[in-house]
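The residues making up each chain are set out below.
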Amino acid sequence: MHIRQQELAERLGLSQSAVSRAIGQLRDKGIISERQRKGTLLIHPLLAGYESLAHMTNHLKAPDTHLWPINFPTGDIRPPRVRDVRTGTDFDPDPDGGEDAPAAEVRPSLRLAG
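On a predicted model such as this, the values are computed, not experimentally measured, just so you know.

Engineer: How should the environment of V19 be read in this particular structure?
Structural biologist: Within the element layout of this structure, V19 appears in helix α2 (residues 16–29). A relative accessible area of 3% means that V19 is categorised as buried. For the pair V19 and Q6, spaced 13 residues apart in the sequence, the C-alpha separation amounts to 8.3 Å. In this structure V19 touches Q5, L8, A9 and L14, once residues within four positions along its chain are discounted.

As C-alpha cells, then:
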C-alpha cells in the first residue's frame, strides 16, 4: 500500500510521530516491511487481506512473493502503559455490579422436534 505518514496520521487523528512509532513497532514485529521504496509499506502476505482463498493461495505460491519472518514476542507480555481517559468520570463499564441478567418472566414452551 502507498500512503504517506502524514496522511495516515490525519486519517487516524494522531500525530505523525505516533504513526512513525507505530510503523517502527509493526516493522520490528515483521508485520510490515519497507523493502521497495519510501512511502510504500508491504503488509506481510500471511496477514494481508485477499479477495478469496484461491487468490491468497495463488499469491503465496507465486515465486515473486517474498515471505519474511514474523517476530511475535514470547513469554509475559505487558499491556501498553495507557492512561484511561474515563478515569474520574461517572462511566461504569459494569453498571449492575456483575450480577446475572434477570430471567424472563414467561418461559417459552418447549416441544420435541420431529
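Engineer: Please explain the nonpolar core as it appears in this structure.
Structural biologist: The tendency in soluble globular proteins is for nonpolar side chains to be buried side by side. Formed by A9, V19, I23, I31, I32 and L41, the largest nonpolar core amounts to six residues. If sequence neighbours within four positions are ignored, I32 has contacts with I23, L26, R27, L41, L42, I43 and W68.

Engineer: It is not clear to me how the pattern of salt bridges should be interpreted in this structure. Could you clarify?
Structural biologist: Inspection of the entire model under this criterion finds one salt bridge. In this structure, R11 and E7 form a salt bridge, with 2.9 Å as the shortest nitrogen-oxygen distance. Note that R11 and E7 are positioned in helix α1 (residues 5–12) at a spacing of four residues, about one turn of the helix. According to the relative accessible area criterion, R11 is exposed, its value standing at 62%. Relative accessible area serves as the criterion here: at 29%, E7 is assigned to the partly exposed category.

Engineer: Teacher, can you tell me more about the layout of surface pockets here?
Structural biologist: Rolling a probe over the atoms, with the probe sized like a water molecule, indicates the empty space that remains. Taken as a whole, the largest pocket holds about 220 Å³ of empty space. Taken together, eleven residues form the lining of the largest pocket, with L42, P45, H59, T65 and H66 sitting closest to its centre. Residues of the lining of the largest pocket, tallied by class, amount to six nonpolar, three polar and two charged.

Quick notes on the rules
- Note on numbering: residues in each chain are counted from 1, in written sequence order.
- Since the coordinates come from a predicted model, pLDDT governs what is reported: local features require at least 70, and pairs of side-chain atoms require 80 or more to be given and counted, while whole-chain, interface and lining totals use all residues.
- Side-chain calculation: all heavy atoms of the structure are included, whereas hydrogens and water are not.
- Helix and strand assignments follow DSSP, with helices taken as H or I runs no shorter than four residues and strands as E runs no shorter than two, numbered in order from the N terminus.
- Throughout, exposure labels follow a simple rule: accessible area from a 1.4 Å probe, protein chains only, divided by the maximum for the residue type, with under 20% read as buried, over 50% as exposed, and the rest as partly exposed.
- We call two residues in contact whenever any of their non-hydrogen atoms come within 4.5 Å of each other.
- In plain words, nonpolar cores are sets of buried Ala, Val, Leu, Ile, Met, Phe, Trp, Tyr and Cys residues tied together by side-chain atoms within 4.5 Å.
- Salt bridges are defined as contacts in which a side-chain nitrogen from Lys or Arg sits within 4 Å of a carboxyl oxygen from Asp or Glu.
- The way it works is a 1 Å grid over only the protein atoms, where trapped points that fit a 1.4 Å probe form a cavity and open points with protein on both sides within 12 Å along at least five of seven lines form a pocket, and then any residue with an atom within 4 Å of a point lines it.
- Grid points are joined across faces, edges and corners, and a volume is the space filled by probe spheres set on the points.
- Each residue gets one of three labels, nonpolar for Ala, Val, Leu, Ile, Met, Phe, Trp, Tyr, Cys and Pro, charged for Asp, Glu, Lys and Arg, and polar for the others, Gly among them.

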